[in-house]
Amino acid sequence: MNWKTFARYFDIPYRTMQDWYMGKRGMPDYLLRLMIYKIKMDYFLRGSREE
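Residues numbered from 1 in each chain as written. Predicted model: local features only at pLDDT ≥ 70, side-chain atom pairs only at ≥ 80, totals over all residues. Heavy atoms only, no water.

**Quick word on the packing of helix α1 (residues 3–10) against helix α2 (residues 14–22)**
Definition in use: To obtain each axis, a line is fitted to C-alpha atoms, and for helices this fit is confined to the stretch in contact; angles are then taken between N-to-C directions over 0 to 180 degrees. Only DSSP runs of H or I reaching four residues or more are called helices, and only runs of E reaching two or more are called strands; each is numbered from the N terminus. For a crossing to be left-handed, the near helix must be turned anticlockwise from the far one by less than a right angle; the clockwise case is right-handed. It only takes one pair of heavy atoms within 4.5 Å for two residues to be counted as in contact. Only Asp, Glu, Lys and Arg are considered charged in this grouping, and only Ala, Val, Leu, Ile, Met, Phe, Trp, Tyr, Cys and Pro are considered nonpolar; every other residue, Gly among them, is considered polar.
One way to put it is that α1 packs onto α2 with a least axis distance of 9 Å and a crossing angle of 115°. In terms of crossing hand, the pair formed by α1 and α2 is right-handed. Taken together, the residues of α2 that come into contact with α1 (itself represented by Trp3, Lys4, Phe6 and Ala7) are Tyr14, Met17, Gln18 and Tyr21. Looking at the contact of α1 with α2, its residues break down into six nonpolar, one polar and one charged.

Structure (structure tokens):
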């Protein structure tokens, strides 16, 4: 997944991701937990539809 796709998937502004990468600002700790939650829920919901 490239940066733009990643930004779209998580609804994060692309410029914000660039700032994180360049060290201009840090990603909030809670955001990582929310991202993990979104991935798990998307997997769970997608799996439920396929059965």
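**Overview of α2**
Short version of the rule: Each residue is placed in one exposure class: buried if its accessible area under a 1.4 Å probe, protein chains only, is under 20% of its type's maximum, exposed if it is over 50%, and partly exposed if it falls in between. What the arc measures is the spread of directions leading from the helix axis to the C-beta atoms.
Regarding α2, the residues found buried are Thr16, Met17, Asp19 and Trp20. Seen from one end, α2 has its buried residues packed into an arc of 160°, which puts them on one side. In α2, the exposed residues that point more than 90 degrees away from the buried face are Arg15, Tyr21 and Met22. One or two positions beyond α2, positive phi appears at Gly23, with a value near 80°.

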